[in-house]
Amino acid sequence: IVSTVSIVSIVWLSLILFADADQYETLGIQHQNIPLTCIFEPHPQITDKSDDIIQATESAVGGWESALMTHSPNGVWSLYTTVVPIELHHLKSPYDFPECDILISFEYTNSEDSLGYTGIHFNKSWHKFTHAVIFLNAFESTPKIQITFGDGGGTTEIEEKIVLNELSIPVIQNIVTHEYGHALGLGHYNVTSHPVSDTPWLYRSVMYYAINPHNDEIMTPQYVDVKMLEEIYYTDGFG
């Protein structure tokens, strides 16, 4: 599945202002009914962990539903998912699935630093949807190394290397959690106060713009994330 519009992305590392000066934005969109989330099975050529990735994706969506029901108990916050097998979506367009309000698909890697991105497709009245693309591998560069050979032996510089690393299942789940927030209409949470925790994406908001791809601690939507969704959908929830 190919998305043609990239709106918001997560990288390596209405506006509301909070008491500590942090900033949170919305994307100015909302789903008009309870959204159906279609999880597109990863192609077997890019991973042999499709079942684990699908389970992690369902857990990420379930984390949003649980947080919404906990922190906004008067709203209708059901989030339904369905898995689309590879043979049913390979080489097809998102527009071939008009029943899907939120699409989640997977790609092998990205040449840039992005771990995922979400496209917003609200230009056609007959099918408005958001499409989150999750990358399963990430590039990292190692620093240049200088080696000195004895007294007066000169120095040799080893060029930096680009290494392709497979992302762990917990990290993939965290990326899905973040991108799903975008798919629902949330923008990024920006930390502007000091001092700043080294893991604000865990303790302040799942919509912080960066994720540590080496930390396997599962992040869950926070109270502030739910309250920001209430700014979009109000306390009665979807629809």
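See the structure printed just above.
The following paragraphs examine the structure supplied in this document.

Here is what the cut-offs are and how they apply
Residues numbered from 1 in each chain as written. Predicted model: local features only at pLDDT ≥ 70, side-chain atom pairs only at ≥ 80, totals over all residues. Heavy atoms only, no water. Helix = DSSP H or I, 4+ residues; strand = E, 2+ residues; numbered from the N terminus. Buried < 20%, exposed > 50% of the residue type's maximum accessible area, 1.4 Å probe, protein only. Areas by Shrake-Rupley, 256 points an atom, 1.4 Å probe, with all protein chains shown as cover. Salt bridge = Lys/Arg side-chain N within 4 Å of Asp/Glu carboxyl O. Axes fitted to C-alpha atoms, helices over the stretch in contact; angles between N-to-C directions. Parallel < 35°, antiparallel > 145°, perpendicular 65-115°, else oblique. Contact = heavy atoms within 4.5 Å. Nonpolar A, V, L, I, M, F, W, Y, C, P; charged D, E, K, R; others polar. Phe/Tyr/Trp six-rings, centres within 6.5 Å; stacked < 30°, edge-to-face > 60°. Lys NZ or Arg CZ within 6 Å of the ring centre and 35° of its normal.

A closer look at the overall build of the chain
Part 1 of the argument: Per the secondary structure count, the chain includes five helices and 13 strands.
Part 2 of the argument: Counting all 239 residues of the chain, 46% fall into the buried class.
Part 3 of the argument: Just so you have it, the chain exposes about 11,800 Å², and 50% of that area is on carbon and sulfur atoms.

As for the pattern of salt bridges
In a structure, side chains of opposite charge can pair up when their charged atoms sit close to one another.
Part 1 of the argument: Scanning the entire structure with this criterion turns up two salt bridges.
Part 2 of the argument: Measuring nitrogen to oxygen at the nearest pair gives 3.5 Å for the salt bridge that ties E166 to K49. Within this pair, whereas E166 is found in strand β12 (residues 162-166), its partner K49 is found in the loop between β4 (36-40) and α1 (50-71), the two being separated by 117 residues in sequence.
Part 3 of the argument: On the basis of relative accessible area, K49 is assigned to the partly exposed category, the value being 33%.
Part 4 of the argument: With a closest N to O distance of 3.3 Å, K227 and E230 form a salt bridge. Taken as a pair, K227 and E230 lie in helix α5 (residues 223-233) at a separation of three residues, close to a single helical turn.
Part 5 of the argument: Judged by its relative accessible area of 25%, K227 is partly exposed.

Focus: the packing of α1 against α5
Part 1 of the argument: Following both chains from N to C, one finds α1 and α5 inclined at 80°, their axes separated by 9 Å at the closest point. Judged by the inter-axis angle, α1 sits roughly perpendicular to α5. Of the residues in α5, those in contact with W64, A67, L68 and H71 of α1 are Y223, D225, V226, K227, L229 and E230.
Part 2 of the argument: For the contact of α1 with α5, the class distribution of residues is six nonpolar, one polar and three charged.

A look at unusual backbone geometry
Part 1 of the argument: The backbone of L91 sits at a positive phi, close to 70°, despite the residue not being glycine.
Part 2 of the argument: Note that L91 resides in the loop between α2 (86-89) and β6 (102-107).
Part 3 of the argument: The backbone of Y234 sits at a positive phi, close to 70°, despite the residue not being glycine.
Part 4 of the argument: Examined against the element boundaries, Y234 turns out to sit in the segment after α5.

Here's the deal with the packing of aromatic side chains
Part 1 of the argument: Throughout the structure, instances matching the rule amount to nine aromatic pairs.
Part 2 of the argument: Relative to F238, the ring of Y233 lies with its centre 4.9 Å away and its plane at 75°, an arrangement referred to as edge-to-face.
Part 3 of the argument: Among the residues examined, Y233 registers a relative accessible area of 3% and is labelled buried.
Part 4 of the argument: Through pairs of rings, three or more aromatic residues link up here, namely W77, Y233 and F238.
Part 5 of the argument: The ring of Y95 is capped by K124, whose NZ or CZ atom sits 5.7 Å from the centre of that ring.

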